[in-house]
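Per-entry structural report
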Amino acid sequence: MSMLPHISLTILSIIVSVASSYTVLIMIEYVNKRKAAVDTRSRLLAILALGSGFFSMQVIGILTFMAEYRFLPRFWLLALSLLAECLLAAYVLKILPQGIHSRHDMVKHVLITAFFVKAAYFLGLAGVLDVRFWAISAGYYLLSAVMVLGICYFGFRFVLQSNAKQVTEQQRFGSAAILGLVLTLLHYTSTNTFYTNMALPEAAAGGVWVIGTAVFVAFAVTLLLLSAANLALVDLNAFETEAGLLRQVKDSESRFRTLAYTDHLTGVPNRHWFFAHFRELMDPADGNIESVGVVLLDFDDFKSINELIGHDGGDQFLKRIVERLKSVLPETVPLARLGGDEFVFAVPNAKKSYLEQLCQNILQVMHEPIQIGEQSVASGISLGVSCQSIAELNEESLIKQADLALFMAKSAGKENYEFFSPELLDSSLRKQEITAALQQALVNGEFSVHYQPQVELVSGRVIGFEALLRWNSALGAVAPSEFIPVAEECGAIHSIGEWVLREACLQLAAWQKEGRPAICVSVNVSAKQFLDTQFAEKVARILAETDVSAEYVEIEITESVMIDLDASSALVEELQAIGVKLAIDDFGTGYSSLNAIKNIQIDTLKIDKSLVDEVLGSDRSMAILATIIELGKNLGAEVVVEGLETIEQVTLMRQYEVIGQGYYFSRPLPGDKAARVWDKYLEQPNGLFHAPVLY
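Below, the structure is looked at part by part. (Residues numbered from 1 in each chain as written. Predicted model: local features only at pLDDT ≥ 70, side-chain atom pairs only at ≥ 80, totals over all residues. Heavy atoms only, no water.)

**Remarks on the overall build of the protein**
Looking only at helices and strands, one finds 22 helices and 16 strands in the protein. Pairs at least 24 residues apart make up 76% of the contacts formed inside the protein by residues separated by at least 6 positions. On the protein, roughly 34,500 Å² of surface is accessible, and the fraction owed to carbon and sulfur atoms is 58%. (Helix = DSSP H or I, 4+ residues; strand = E, 2+ residues; numbered from the N terminus. Contact = heavy atoms within 4.5 Å. Areas by Shrake-Rupley, 256 points an atom, 1.4 Å probe, with all protein chains shown as cover.)

**Description of the environment of V385**
Structurally, V385 is set in strand β6 (residues 381-389). On the basis of relative accessibility, which here comes to 0%, the residue V385 falls in the buried class. Each C-alpha atom of the pair V385 and F419 lies 4.7 Å from the other, and the pair is 34 residues apart in sequence. Beyond its immediate sequence surroundings of up to four residues, V385 is in contact with V294, V295, L355, C359, A402, A405, E418, F419 and F420. (Buried < 20%, exposed > 50% of the residue type's maximum accessible area, 1.4 Å probe, protein only.)

**Thoughts on the sheet that holds strand β1 (residues 291-299)**
Pairing is mixed in the open sheet, where 5 strands are placed in the order β2-β3-β1-β6-β7. Each edge of the sheet is formed by a strand with only one pairing partner; in this case those strands are β2 (336-339) and β7 (417-419). Here the average twist between neighbouring strands, direction ignored, is 25°. Pairing of β6 with β7, which is carried by 3 bridges, proceeds in the parallel orientation. Bridge pairing links G384 to E418 in β7. Here helix α11 (residues 395-411) sits on the sheet in contact with β1, β3 (342-348), β6 and β7, set at roughly 145° to β6. (Pairing = 2+ DSSP bridges. Axes fitted to C-alpha atoms, helices over the stretch in contact; angles between N-to-C directions.)

**Topic: the packing of aromatic side chains**
Throughout the structure, instances matching the rule amount to 17 aromatic pairs. Judged by centre distance (5.4 Å) and plane angle (75°), the rings of W471 and F483 are edge-to-face. Of this pair, W471 sits in strand β9 (residues 461-473) while F483 is found in helix α13 (residues 480-490), placing the two residues 12 residues apart along the sequence. Across the pair, F483 and W471 agree in class, each one buried. Pairwise contacts between aromatic rings join F447, W471, F483 and W499 into one cluster. (Phe/Tyr/Trp six-rings, centres within 6.5 Å; stacked < 30°, edge-to-face > 60°.)

**Details of the pattern of salt bridges**
Per the counting criterion, the structure on display carries 17 salt bridges. In this structure, the salt-bridge partner of R337 is D263, at a minimum N-O distance of 3.2 Å. In this pair, R337 sits in strand β2 while D263 sits in the loop between α7 (207-260) and α8 (271-282), placing the two residues 74 residues apart along the sequence. Here the two residues R337 and D263 agree in accessibility, since each one is buried. R502 is the salt-bridge partner of E545, the closest N and O atoms lying 2.4 Å from each other. Linking E545 in helix α16 (residues 535-546) with R502 in helix α14 (residues 493-513), this pair joins segments that are 43 residues apart in sequence. Each of E466, E556, K606 and E642 takes part in a single network of salt bridges with overlapping partners. (Salt bridge = Lys/Arg side-chain N within 4 Å of Asp/Glu carboxyl O.)

**Structural notes on the environment of Q507**
Position of Q507 among the secondary structure elements: in helix α14. For the pair Q507 and D672, spaced 165 residues apart in sequence, the C-alpha to C-alpha distance is 9.4 Å. With near-sequence residues (within four places) excluded, Q507 lies in contact with Y451 and G671.

**A word on empty space enclosed by the protein**
Per the counting criterion, the structure on display carries 2 cavities of 30 Å³ or more. Roughly 70 Å³ of internal volume is contained in the second largest cavity. What lines the second largest cavity is simply G497, E498, L501, V523, N524, V525, Q529, F535, K538, V539, I542 and I555. Counting residues per element, the ones that place at least two in the lining of the second largest cavity are α14, β11 (520-524) and α16. Here the element with the most residues in the lining of the second largest cavity is α16; it accounts for 4 residues. Along the lines of polarity and charge, the residues of the lining of the second largest cavity split into 7 nonpolar, 3 polar and 2 charged. (1 Å grid on protein atoms, 1.4 Å probe; cavity = no way out; pocket = protein on both sides within 12 Å on 5 of 7 lines; lining within 4 Å. Points joined across faces, edges and corners; volume = space filled by probe spheres on them. Nonpolar A, V, L, I, M, F, W, Y, C, P; charged D, E, K, R; others polar.)

**Structural notes on the pairing of strand β12 (residues 553-558)**
Within β12, 5 of the 6 residues are buried, which leaves it mostly tucked inside the rest of the structure. Pairing of β11 with β12 involves 4 bridges; the strand directions are parallel. Its bridge partner lying in β12, V521 is registered against V553. The pairing of β12 with strand β13 (residues 581-587) spans 5 bridges and is classified as parallel. Bridging from a neighbouring strand, I555 pairs with L582 of β13.

**Here's the deal with the packing of α8 against α11**
As a packed pair, α8 and α11 sit with axes 11 Å apart at the nearest point and diverge in direction by 115°. For the crossing formed where α8 meets α11, the hand is right-handed. For the pair α8 and α11, the contacting residues are F274, F275, F278, R279 and M282 in the first and E395, L398 and I399 in the second. (Left-handed = near helix turned anticlockwise from the far one by under 90°.)

**Looking at the pairing of β1**
Counting buried residues in β1 gives 9 out of 9 residues, a clear majority hidden from the surface. By the alternation rule, side chains of β1 split into S291, G293, V295, L297 and F299 and V292, V294, L296 and D298, which are all buried. In this structure, β1 lies alongside β6, joined through 9 bridges in antiparallel fashion. Directly across from V292, in β6, lies its bridge partner Q388. The pairing of β1 with β3 spans 7 bridges and is antiparallel. Each residue of the ladder has a partner; that of L297, found in β3, is F343.

**Regarding the packing of α14 against α16**
Viewed as axis vectors pointing N to C, α14 and α16 meet at an angle of 30°, and their least axial separation amounts to 10 Å. For the element pair α14 / α16, the angle class is roughly parallel. Along this stretch, α14 crosses α16, giving a crossing that reads as right-handed. In this structure, α14 uses E498, L501, R502, C505, L506 and A509 to contact α16, whose residues at the interface are K538, V539, R541, I542, L543, E545 and T546. Here the contact of α14 with α16 is composed, by residue class, of 7 nonpolar, 1 polar and 5 charged. (Parallel < 35°, antiparallel > 145°, perpendicular 65-115°, else oblique.)

**Re unusual backbone geometry**
Phi at N349 is positive, roughly 50°, even though this residue is not glycine. A residue is classified by how much of its surface remains accessible, and N349, at 37% relative accessible area, is partly exposed. Positive phi is not limited to glycine here, since D547 has a value of about 55°. In this structure, D547 sits in the loop between α16 and β12.

**Observations concerning helix α22 (residues 671-683)**
Taking 1.5 Å as the rise per residue, α22 with 13 residues should run 18 Å; its terminal C-alpha atoms sit 18 Å apart, in good agreement. Inspection of α22 places G671, A674, A675, V677, W678 and Y681 among the buried residues, and these make up the whole buried set. The arc enclosing the buried residues of α22, seen along the axis, measures out at 160°, which places them on a common side. (Expected span 1.5 Å × (residues − 1). Arc of directions from axis to C-beta.)

**Some points on the side chain of E642**
By the secondary structure assignment, E642 is in strand β15 (residues 638-642). Among the polar contacts listed, one links the side chain of E642 to the side chain of K606, at a separation of 3.3 Å. Look past the residues within four positions of E642 in its chain and what remains in contact with it is E466, D585, D586, K606, I607, D608, K609, V612 and Q661. (Polar contact = N/O pair within 3.5 Å; in protein donor to acceptor, adjacent residues only side chain to side chain.)

As structure tokens, then:
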């Protein structure tokens, strides 16, 4: 025989069940999301609130069926039911923050929770009614068990979904309504589990009192639950608002970090990112990095690209070239822009052979021009590489070493790469010492000019001298081949070059006052000086100040100076307009020997010593040398053969009627000693065929 619920109390039970379900969902969601923010005291209060909510739903549900019947409550069983509900609440609040990560976990937690629910419900029912286990209805029991399992499963699903994404109030209330209705049905099935096969309790005459009690309890419990739910919901909304603000702050920080660490032109990381990344490599968390290699890249002549296609075109060139560079670098090796046309990347645990291969790949991809508008643009690139072990790694020194290697790569001819080495450091320190000493060399009077005679081989007559710079430095002996390039790099060559020209003119003027024969003095001019647009004016001013005729001064330039023929031709014309002579020095060793003299009128062609050294015993070398001599004469120029050191060389060259210069005649000497050598040749014109003059 079935026990039927009271209609009015059934509606009340549904309201209480929905309110309780709503509160339970909010409380579980609240405790689950707040986690660390909920202390022990708050967690205990939450357990008591949830346990009381579960218990109140159960009691009111039972009273719904007992309004018409006589019953005698057993409070100790009701207390055990409340304890079981609190244990259920504690279990749920423990497992949900940890998460349910597998189907096995879900099945286990649903079964345990369903056990607590059924146990608590049985204890509550036994506390009100006199139940008998032998009278259990298998059908109702199975139905109630399925309902409990469903309630537990969908309850867990709702809470887990609320953790994964934001749950709306409508979704929360809808879930509570479904759970409330199912719980009401659970009351009916659970009660009838026992009374289907048992006699109903004795009817009671005071059912109104039960109804009133149920209404009062329902009102009080609903008010309490809704108040608790409101407080939890307010705090939960505040938490979600705070979490949303934190997400916005983190998103803003991420955007600002991206802006701060990204080069806006090329889109690659900038110098700030690189140094932050480099520090991470220096202090690896896993300890697997044993060494770090740094490669600096710099375009060889980016300024000319900007001049050719403009700054906007230069920006487009950088964007295109960055994509090309990234194509040859591994994805694990990000390219960063330090600024301008300088880039860098770091490679952990890189061997020298691997770094060499990367550098070669970069140089190879740079050979192909890039089309920017209507212009086809290409630029060389130089690379400096430094590698250190983690044990000795120092950020500042590693970057400086790579920068020094880059500088040496550019000094060695550009479009190549250079690895840092201790020898490279010694060379750099030496260069720094020379640079510092050069700044004071003129002031301290450390320079001097030596003169080497040029002898007409047919007559044995001295027809000129070449003025050669010497440096009596506090550093010791410093060869011109070592300090001249440094002077060119630091800019000191301009003042030094003017001083040499002035000294040579003063010496020439002194010799002329002594009544010596008219001769010509040759002065070497650096390529840097030849780029000076006011160079011709400076030469004219020095000639005027020293009262020397321009026809007795010869300017020697190398073939490399003549690469830019447009600029060089204009300056040559200015010098020739002044009246000074022009000589091409070291002919046959430069970039464009024939091109250098094709369109420019020269007065003297000087053949480099390297060609003379090979003529004895080599018919092929002799044929080349004879051809060059014939070329110079056909151009109407005097031909000077440098580096004559033996009588055999002098005898061989004499038949070509050229001018000789070299240690056979005299080494470079100060002006007074050079004059005494000159006097020897004046006294003994045929002396050039004897042993070298002693001085």
